[in-house]
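Spelled out from the first residue to the last, the chains are:
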Amino acid sequence: MNMANETILLVDDEEEIIAFIQDALELEGYRVLTAGNGRDALIQSQQQPSLIILDVMMPEMNGIEVCEQLRETTQCPIVFLSACQSEVDRIRGLAAGGDDYLLKPFSLAELKARIHAHLRREQRIHMQKEQGVLRFPSLTIDCKGHTVNCNGHNIALTNKEYQIVELLAMHQGQVFSREQIYEKLWGFDAEGDDSTITEHIKKIRAKLAAHAQDRTYIQTVWGIGYKWDPK
C-alpha cells in the first residue's frame with residue numbers, strides 16, 4: 001500500500017500523545033493532520049482525511065460528540081483511542097459511528113496494524129465502487145443494476161431491502177443503529193418508525209440463507225445495531 005497518498009487526522013488533547021503518534025505515522029509515510037480539540041477536528045476533517053484517530057475524553061466537545069458530527073459529512077474509518085475501558089464506553093463509541101476502539105495505554109505496533117487494515121479495506125471497497133460491483137465470498141452486489149447474486153442465484157429483494165444491503169456492504173465493518181439506517185433510507189420526516197428495519201433485515205437474512213447457509217452477511221451487534229461482515 002502506498003502511504004504517501006493517505007492522510008490521517010489525529011485528535012487528542014494531550015500534546016505528548018499527538019507528538020508520539022505523529023512521529024511514528026510520518027515515519028511510515030503517512031501525511032498527518034492534528035487537532036487538540038473537537039472543534040479543530042471538525043475543521044481539519046474538511047481536508048478529507050483517509051482515516052481519523054479520535055480521543056474520547058476531551059474538554060468542551062468529547063470524542064463521541066465529534067464522531068456523531070463527523071458522520072454527517074464523512075464515511076472514512078474512525079478509530080477511537082481512549083482510556084475509557086468499560087463495555088458501555090465501547091458500545092457508545094461504536095454506536096456513534098466509530099469503526100474501532102483501542103484502549104490506552106496502547107501498543108503502537110497494534111495501532112499501526114489496525115490503521116493499515118482499515119485503509120486496505122477502504123481501498124478494496126473504493127476499487128469495487130468504481131467498478132460498480134461489490135464482491136464478497138459467495139455474494140456479488142451490482143450497484144449499477146441494483147441486483148444481488150448469491151452462489152449464482154439472483155436474490156429477489158425489494159427496493160428497501162436492496163438499499164439496506166448496499167448501505168451496509170459499502171461500509172463493511174461499520175456499525176449502524178436501526179435509527180441511522182432508517183434516517184438514511186427513509187429520511188428524517190418519514191412516517192413510521194425504525195422497528196421496520198428489524199423486519200426488513202429478517203427478510204434479507206432469510207433470502208440470503210436460502211443460498212448461503214454457511215454465512216450470515218448482516219451481523220447483529222448487540223445493544224447497537226447491525227454491520228456487514230461476510231466472514
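Residues numbered from 1 in each chain as written. Predicted model: local features only at pLDDT ≥ 70, side-chain atom pairs only at ≥ 80, totals over all residues. Heavy atoms only, no water.

The name given to the protein in an unreviewed UniProt entry is DNA-binding response regulator, and the organism recorded there is Paenibacillus woosongensis.

Student: What should I look at first to understand the UniProt feature "domain: Response regulatory" (unreviewed entry) in the protein in this one?
Tutor: In the numbering used here, UniProt assigns the feature "domain: Response regulatory" (unreviewed entry) to residues 7–119. For residues 7–119, the helix share is 43%, the strand share is 21%, and the end-to-end C-alpha distance is 10 Å. (UniProt positions renumbered as here; feature names shortened; annotations may be inferred. Helix = DSSP H or I, 4+ residues; strand = E, 2+ residues; numbered from the N terminus.)

Student: Please clarify how the pairing of strand 5 (residues 100–103) should be interpreted in this entry.
Tutor: If a strand is regular, its side chains alternate between the two faces of the sheet. Bridge count for strand 4 (residues 78–82) against strand 5 is four bridges, and the pairing is parallel. Paired with F80 across the strands is Y101, a residue of strand 5. (Pairing = 2+ DSSP bridges.)

Student: Would you take a moment to explain the sheet that holds strand 1 (residues 7–11) for this structure?
Tutor: Within a sheet, neighbouring strands are paired by backbone hydrogen bonds and run either parallel or antiparallel to one another. Strand order in the open sheet formed by five strands is 2-1-3-4-5, and the pairing between neighbours is parallel. Two strands bound the open sheet, and with one partner strand each, they are strand 2 (31–35) and strand 5. With direction set aside, neighbouring strand axes in the sheet form an average angle of 20°. Packed onto the sheet, helix 5 (residues 108–131) meets strand 1, strand 3 (51–55), strand 4 and strand 5 and runs at close to 175° relative to strand 5. (Axes fitted to C-alpha atoms, helices over the stretch in contact; angles between N-to-C directions. Contact = heavy atoms within 4.5 Å.)

Student: Please explain the confidence of the model for the protein as it appears in this structure.
Tutor: In low-pLDDT segments, the atomic positions of the prediction should not be examined closely. The pLDDT averaged across the protein works out to 88; a share of 96% of its residues lies at or above 70. Of all helices and strands in the protein, the one with the weakest mean pLDDT is helix 4 (residues 87–95) (84), whereas strand 1 scores best (97). (pLDDT = per-residue confidence, 0-100.)

Student: Which parts of the structure should I look at to understand the pattern of salt bridges?
Tutor: Proximity of charged atoms lets side chains of opposite charge pair with each other. Throughout the structure, instances matching the rule amount to 12 salt bridges. The closest approach of N and O atoms between R39 and E60, which form a salt bridge, is 3.3 Å. Placement of R39 in helix 2 (residues 38–44) and of E60 in the loop between strand 3 and helix 3 (63–70) is noted, with a sequence separation of 21 residues between them. What makes R39 partly exposed here is its relative accessible area of 46%. Of the charged contacts in the structure, one is a salt bridge between E161 and K207, with a shortest N-O distance of 2.7 Å. Taken together, the positions of E161 in helix 6 (residues 159–170) and K207 in helix 8 (residues 195–209) put the pair 46 residues apart, joining distant regions of the chain. (Salt bridge = Lys/Arg side-chain N within 4 Å of Asp/Glu carboxyl O. Buried < 20%, exposed > 50% of the residue type's maximum accessible area, 1.4 Å probe, protein only.)

Student: In this structure, what is going on with unusual backbone geometry? I would like to understand it.
Tutor: For residues that are not glycine, phi is negative in most cases, and the peptide bond is trans in most cases. Omega for the bond connecting K104 with P105 falls within 30 degrees of zero, at -5°, which places this linkage in the cis form. Within the secondary structure layout, P105 lies in the loop between strand 5 and helix 5. Unlike most non-glycine residues, H146 shows phi in positive territory, near 55°. One can find H146 in the loop between strand 7 (139–142) and strand 8 (147–150). Looking at H146, the relative accessible area reads 48%, which means it is partly exposed. Its identity is not glycine, yet N151 carries a phi of approximately 50°, on the positive side. For N151, the location among the structural elements is in the loop between strand 8 and strand 9 (153–154).

Student: Explanation requested: the environment of L51 in the structure shown.
Tutor: For L51, the position within the fold is in strand 3. L51 sits in the buried class, given a relative accessible area of 0%. Between the C-alpha atom of L51 and that of M61, which follows or precedes it by 10 residues, the distance is 20 Å.

Student: Please explain the sheet that holds strand 8 as it appears in this structure.
Tutor: Overall, antiparallel pairing links the four strands, which are arranged 6-7-8-9 in an open sheet. Pairing within the sheet leaves two strands with one partner each, and these edge strands are strand 6 (133–136) and strand 9. As defined by bridge partners, strand 7 adjoins strand 8 across four bridges and the pair is classed as antiparallel. Pairing of I141 across the sheet is with V148, part of strand 8.

Student: What exactly am I supposed to notice about the layout of surface pockets here?
Tutor: Rolled over the atoms, a probe sized like a water molecule indicates the empty space that remains. In this structure, the largest pocket encloses a volume near 530 Å³. Lining the largest pocket we find 20 residues, and of these R121, Q172, G173, D229 and K231 sit closest to its centre. Contributions of two or more residues to the lining of the largest pocket are made by helix 5, strand 6 and strand 11 (225–228). Of the residues that constitute the lining of the largest pocket, the class distribution is eight nonpolar, four polar and eight charged. Quantified by volume, the second largest pocket comes out at close to 440 Å³. (1 Å grid on protein atoms, 1.4 Å probe; cavity = no way out; pocket = protein on both sides within 12 Å on 5 of 7 lines; lining within 4 Å. Points joined across faces, edges and corners; volume = space filled by probe spheres on them. Nonpolar A, V, L, I, M, F, W, Y, C, P; charged D, E, K, R; others polar.)

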